Amino acid sequence: MSASYYSHGKLLITGEYMVLRGAKALAVPTRLGQTFEFEAHEIKELHWIALDRSQKPWFTAIFSTADLNVISYSNSDIARRLQQLLQSVIALNPIFKIQMSGTVTMQLEFDREWGLGSSSCLISSVARWSSINPYALLEKSFGGSGYDLACATATSAVCFQRSGVNPKIEGIDFNPPFVHQLYLVYLNQKQNSQKEVNAFKNIATSSKTIEQMNALTAAAIRAENLETWNALVTEHEDFMGALLQKKPVQQVLFSDFNGSVKSLGAWGGDFVLASGEGDVATYFRQQGFTTIFKYETLVLV
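Some points on unusual backbone geometry
Okay, so step 1: One non-glycine residue with positive phi stands out, namely N188, at about 65°.
Okay, so step 2: Among the structural elements, N188 can be located in the loop between β9 (182-186) and α5 (193-200).
Okay, so step 3: Of note in the backbone geometry, Q245 takes a positive phi value of approximately 60° without being a glycine.
Okay, so step 4: One can find Q245 in the loop between α7 (226-244) and α8 (249-253).
Okay, so step 5: For Q245, a relative accessible area of 73% corresponds to the exposed category.

Quick notes on the packing of helix α6 (residues 207-222) against α7
Okay, so step 1: Packing of α6 against α7 leaves a shortest axis separation of 10 Å and a crossing angle of 160°. Classified by the angle between their axes, α6 and α7 sit roughly antiparallel to one another. α6 and α7 meet at a crossing whose hand is left-handed. Only W229, L232, E235, H236, F239 and M240 of α7 make contact with α6, whose side of the interface consists of T209, Q212, M213, L216, A219 and A220.
Okay, so step 2: A class-by-class count of the residues in the contact of α6 with α7 yields eight nonpolar, three polar and one charged.

Some thoughts on the sheet that holds strand β10 (residues 259-263)
Okay, so step 1: Read across the open sheet, the four strands follow the order β10-β11-β9-β12; overall the sheet is antiparallel. Looking along the sheet, the strands with just one partner apiece sit at the ends: β10 and β12 (292-294). Each strand of the sheet is rotated relative to its neighbour by a mean of 25°, with strand direction disregarded.
Okay, so step 2: One ladder, built from three bridges, connects β9 with β12; its direction is antiparallel. When the bridges of β12 are listed, V185 appears paired with I292.
Okay, so step 3: In the packing of α7 onto the sheet, the strands contacted are β9, β10 and β11 (271-276), and the crossing angle to β10 comes to about 45°.

Structural notes on helix α2 (residues 118-130)
For an α-helix, the turn length of 3.6 residues means that residues three or four places apart are oriented alike.
Okay, so step 1: Compared with the 18 Å implied by 1.5 Å per residue over 13 residues, the 18 Å span of α2 between its first and last C-alpha is a close match.
Okay, so step 2: Extensive coverage of α2 is indicated by the burial of 10 of its 13 residues.
Okay, so step 3: What α2 keeps buried is the set S120, C121, L122, I123, S124, S125, V126, A127, W129 and S130.
Okay, so step 4: S131 occupies a position one or two residues after α2 and carries a positive phi of about 60°.

Focus on the nonpolar core
Okay, so step 1: By size, the foremost hydrophobic cluster in this structure holds 46 residues, and its most contacted members are L11, I13, L184, W229, M240, F271 and Y295.
Okay, so step 2: Contributions of two or more residues to this core are made by β2 (25-40), β7 (157-161), β9, α6, α7, β11 and α10 (295-298).
Okay, so step 3: Looking at this core element by element, the count peaks at eight residues for α7.
Okay, so step 4: Not counting the four nearest positions on each side in its chain, L184 is found in contact with L11, L264, F271, V272, L273, T291, I292, F293, Y295, L298 and V299.
Okay, so step 5: Core analysis: the next-biggest nonpolar cluster, separate from the first, contains 41 residues, L46, F59, L82 and V89 among them.

Some points on the side chain of S260
Okay, so step 1: When you line up the elements, S260 lands in strand β10.
Okay, so step 2: Within the structure, S260 has its side chain in polar contact with the side chain of S275 (distance 2.5 Å).
Okay, so step 3: If sequence neighbours within four positions are ignored, S260 has contacts with W229, N230, V233, Q250, L273, A274 and S275.

With respect to α7
Okay, so step 1: For α7, built from 19 residues, the straight-helix expectation of 27 Å at 1.5 Å per residue is met to within 8% by its first-to-last C-alpha distance of 26 Å.
Okay, so step 2: Those residues of α7 that sit buried are L226, W229, N230, L232, V233, H236, E237, F239, M240, G241, L243 and L244.
Okay, so step 3: If you follow the buried residues of α7, they end up packed against β9, α5, α6, α8, β10 and β11.
Okay, so step 4: For α7, the N-terminal cap is N225; the gap from its side-chain oxygen to the backbone nitrogen of E227 is 3.3 Å.
Okay, so step 5: Within two residues after α7, Q245 carries a phi angle of roughly 60°, on the positive side.

Quick word on the environment of N258
Okay, so step 1: By secondary structure assignment, the location of N258 is in the loop between α8 and β10.
Okay, so step 2: By relative accessible area, N258 is classed as exposed at 62%.
Okay, so step 3: Residue contacts for N258: discarding those within four places in its chain leaves G276 and E277.

Comments concerning the pattern of salt bridges
Okay, so step 1: Within the structure shown, the criterion is met by three salt bridges.
Okay, so step 2: E16 is the partner of K262 in a salt bridge, and the nearest nitrogen-oxygen pair spans 2.9 Å. You can see K262 sitting in strand β10 and its partner E16 sitting in the loop between β1 (2-12) and β2, a full 246 residues away along the chain.
Okay, so step 3: A relative accessible area of 0% places E16 in the buried class.
Okay, so step 4: For D77, the salt bridge is made with R80, and the minimal N-O distance between the two is 3.1 Å. Separated by three residues within a single helix, D77 and R80 lie in helix α1 (residues 76-92), roughly one turn from each other.
Okay, so step 5: On the accessibility criterion, D77 (47% relative accessible area) is partly exposed.

The rules behind each value
Residues numbered from 1 in each chain as written. Predicted model: local features only at pLDDT ≥ 70, side-chain atom pairs only at ≥ 80, totals over all residues. Heavy atoms only, no water. Helix = DSSP H or I, 4+ residues; strand = E, 2+ residues; numbered from the N terminus. Buried < 20%, exposed > 50% of the residue type's maximum accessible area, 1.4 Å probe, protein only. Axes fitted to C-alpha atoms, helices over the stretch in contact; angles between N-to-C directions. Parallel < 35°, antiparallel > 145°, perpendicular 65-115°, else oblique. Left-handed = near helix turned anticlockwise from the far one by under 90°. Contact = heavy atoms within 4.5 Å. Nonpolar A, V, L, I, M, F, W, Y, C, P; charged D, E, K, R; others polar. Pairing = 2+ DSSP bridges. Expected span 1.5 Å × (residues − 1). Core = buried A, V, L, I, M, F, W, Y, C linked by side-chain atoms within 4.5 Å. Polar contact = N/O pair within 3.5 Å; in protein donor to acceptor, adjacent residues only side chain to side chain. Salt bridge = Lys/Arg side-chain N within 4 Å of Asp/Glu carboxyl O.

Pasting the structure below:
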């Protein structure tokens, strides 16, 4: 038996952190993702091979399919997390254990440090492979809002709202007239999303703050020109900055930029979304940030 799946990467445009509390968020799938292929064999073992975007192995492991014990591994922490994920799969679908003997080969299309969702791609593919609800698997394993799982199988932007293992997902045509003036810039450091999520658990929110975020997300989806968009980004960043008690990234790093800069996902790392007139890419290169994509070249629109 063989199986093959593809999962898109993700970017969270609005609603960071608040999506965990049930606020509506605008999220988009990326053109770059991760493939997952399984080939069955008779040996009662599960061989796992993860390849980076250069097709070089960055992680390998072998598990006993009898008890999911780790026989060998190249990284103990990753092997332990993968073991926990596989144990969650069996807890949700016990009979799947007899189908697990074989070799899994995963191939990333993006740099692991970019924070585009290697974990969500993994969970999405494993859930389809084992015929279980991906959101149930997420809750039982890594945790999180699940917007990234929605992106993994989406073909366009989504408006995502968390609701247990059956979230509300609405396909959105987010391709504004000013899309050619949007850029995605990598901040040269990967953010620890789990650490940031755990820290947010101590921050109080209310139905009013959720309604405010819902309104910001709705306004972002409707934005028709760059001036409106930039004003919304500033409002969104100020709102989240006050809630997190952190300065927005534009104030910290790009105060002289003629446009708007928005954090995406966990604040402090990964990508930001920049919008402005003129040669935006040159500005960021001069600041030392050289991994820059035009929005429509990285995002499915």
